[in-house]
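# Structural characterization, general
Chain by chain, the residues:
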Amino acid sequence: MDSDDDDVPQLRADTLAALQEFLQSRVDSETQPSDNNSENQERLFQKDLSESFPEDWQMSQFWYDDHTSNTLAAEVLRLAGDKGNIACLSCPSIFRACRGAKNAFVFEYDRRFQAFGSSYIFYDYNHPEEIPEDCRSAYEVIIADPPFLSEECLTKLAEAVRLLQKADSKIILCTGAVMTENAEKLLSLKKTKFEPHHKNNLGNEFACFANYEMDL
C-alpha cells in the first residue's frame, strides 16, 4: 500500500453506516415498484446506472463506462435484430444501455434490478442449473461478464451460457485478459480487438471475447 494512504481522511464507522443507509434509501425510492411501472422503468433507463444502482463492491460490481456500454449494447441489438432475444448475464450496464428493448433481459443476482420488472431474471452464477426452464435454449445473443476472475466462476458461467444458447447463438464475454485460455477452452471464444473500460478504472486488464468475427 502507498504510504500516502495514511494521509487520506477516513470516515468513522457510524458516519459510513449513515451514508450507506442514505444511499440505500435513495436506491429504494428509485427502484421500488410504483403505480406506473412502465414510467418508473423508463426513468431507470434514462438515468445513469450508478445513480439508481450504486456499485456494490462486495458483490464485485463495477459498471462499464458509457462508451463501452453503448458500443456493446449497439452490437447485441444489431446481432439480435427484431426477433432475437438477448441475455445479459451479470452485466446490467449493457442491459441498461439497450434502452428498454423488449428483447433484452438482465440475469442478475442483485435483486435491486427487479425494478426492471419482467426483464429481470434472478441468476446466481453458483447455480446455473436453477435457470428457469422457459429461458433455456431461448437466446440468440448472450453477453456475459463473470463477477469474479477465477476459473471456477467462468466454468459455472459457461454452464449457464450453454443452457441459454441456441445452436447458432452469438456469444460475447467480457472479463480479465488473464482468462483468455479459459474463455477458449470453455466456450470456444476468441479475443477481439475491442477493449472494455469501467467508470472506475480497474487494475486488471480487461478483454472482450466472441464466437464470431466482431468488427468493433
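See the structure above.
Residues numbered from 1 in each chain as written. Predicted model: local features only at pLDDT ≥ 70, side-chain atom pairs only at ≥ 80, totals over all residues. Heavy atoms only, no water.

## Quick word on the overall build of the chain
Along the chain, the regular secondary structure elements total seven helices and seven strands. Starting at the N terminus, the α and β elements of the chain follow one another as α-α-α-α-β-α-β-β-β-α-β-α-β-β. With 216 residues in all, the chain has 45% of them scored as buried. Across the chain, the fraction of contacts at a sequence separation of at least 24, relative to all contacts at a separation of at least 6, is 63%. Put simply, the chain shows about 11900 Å² of open surface, and 47% of that area lies on carbon and sulfur atoms. (Helix = DSSP H or I, 4+ residues; strand = E, 2+ residues; numbered from the N terminus. Buried < 20%, exposed > 50% of the residue type's maximum accessible area, 1.4 Å probe, protein only. Contact = heavy atoms within 4.5 Å. Areas by Shrake-Rupley, 256 points an atom, 1.4 Å probe, with all protein chains shown as cover.)

## Points about the sheet that holds strand S4 (residues 139-144)
With mixed pairing, the seven strands of this open sheet are ordered in space as S3-S2-S1-S4-S5-S7-S6. Looking at strand neighbours, the two that pair on one side only are strand S3 (120-122) and strand S6 (190-191), the edges of this open sheet. Bridging between strand S1 (residues 86-89) and S4 involves four bridges; their strand directions are parallel. Residue pairing for S4: Ala-87 is matched across the bridge by Ile-142. Its contacts with the sheet place helix H6 (residues 151-164) against S1, strand S2 (104-108), S4 and strand S5 (165-176), and it is angled at close to 155° to S5. (Pairing = 2+ DSSP bridges. Axes fitted to C-alpha atoms, helices over the stretch in contact; angles between N-to-C directions.)

## Remarks on the side chain of Arg-112
In this structure, Arg-112 sits in the loop between S2 and S3. A polar contact of 2.8 Å, which involves the side chain of Arg-112, links it to the side chain of Asp-110. (Polar contact = N/O pair within 3.5 Å; in protein donor to acceptor, adjacent residues only side chain to side chain.)

## Observations regarding the pairing of S1
Side chains Ile-86 and Cys-88 of S1 all project onto a buried face; the interleaved residues Ala-87 and Leu-89 project onto the opposite face, where all are buried too. With four bridges joining them, S1 and S2 adopt parallel strand pairing. Bridged to Leu-89 within S2 is Phe-107. Taking the sense of rotation as the criterion, the β-α-β connection linking S1, helix H5 (residues 92-97) and S2 turns out right-handed. (Right-handed = clockwise from strand over helix to strand, strands pointing away.)

## Some points on the packing of H6 against helix H7 (residues 180-187)
Two packed helices can be described by the angle between their axes and the distance between those axes. Remark: H6 packs on H7, axes separated minimally by 10 Å, with the N-to-C direction vectors making an angle of 30°. Compared by their axis directions, H6 and H7 come out roughly parallel. Note on packing geometry: the crossing formed by H6 with H7 is right-handed. Where H6 approaches H7, its residues Glu-151, Leu-154, Thr-155, Ala-158, Val-161 and Arg-162 are matched on the opposing element by Asn-182, Ala-183, Lys-185, Leu-186 and Leu-187. Its residues placed into classes, the contact of H6 with H7 shows six nonpolar, two polar and three charged. (Parallel < 35°, antiparallel > 145°, perpendicular 65-115°, else oblique. Left-handed = near helix turned anticlockwise from the far one by under 90°. Nonpolar A, V, L, I, M, F, W, Y, C, P; charged D, E, K, R; others polar.)

## So, the pattern of salt bridges
Following the criterion strictly, the structure yields eight salt bridges and no others. When the shortest N-O distance is used, the salt bridge between Asp-110 and Arg-112 registers 2.8 Å. Overall, the relative accessible area of 5% leaves Asp-110 in the buried class. A residue is classified by how much of its surface remains accessible, and Arg-112, at 15% relative accessible area, is buried. Residue Glu-133 pairs with Arg-136 through a salt bridge whose shortest N-O separation is 3.7 Å. Take Glu-133: its relative accessible area is 61%, and that puts it in the exposed class. Taking relative accessible area as the criterion, Arg-136 reaches 25% and is therefore assigned partly exposed. (Salt bridge = Lys/Arg side-chain N within 4 Å of Asp/Glu carboxyl O.)

This is a description of form; function is not addressed.
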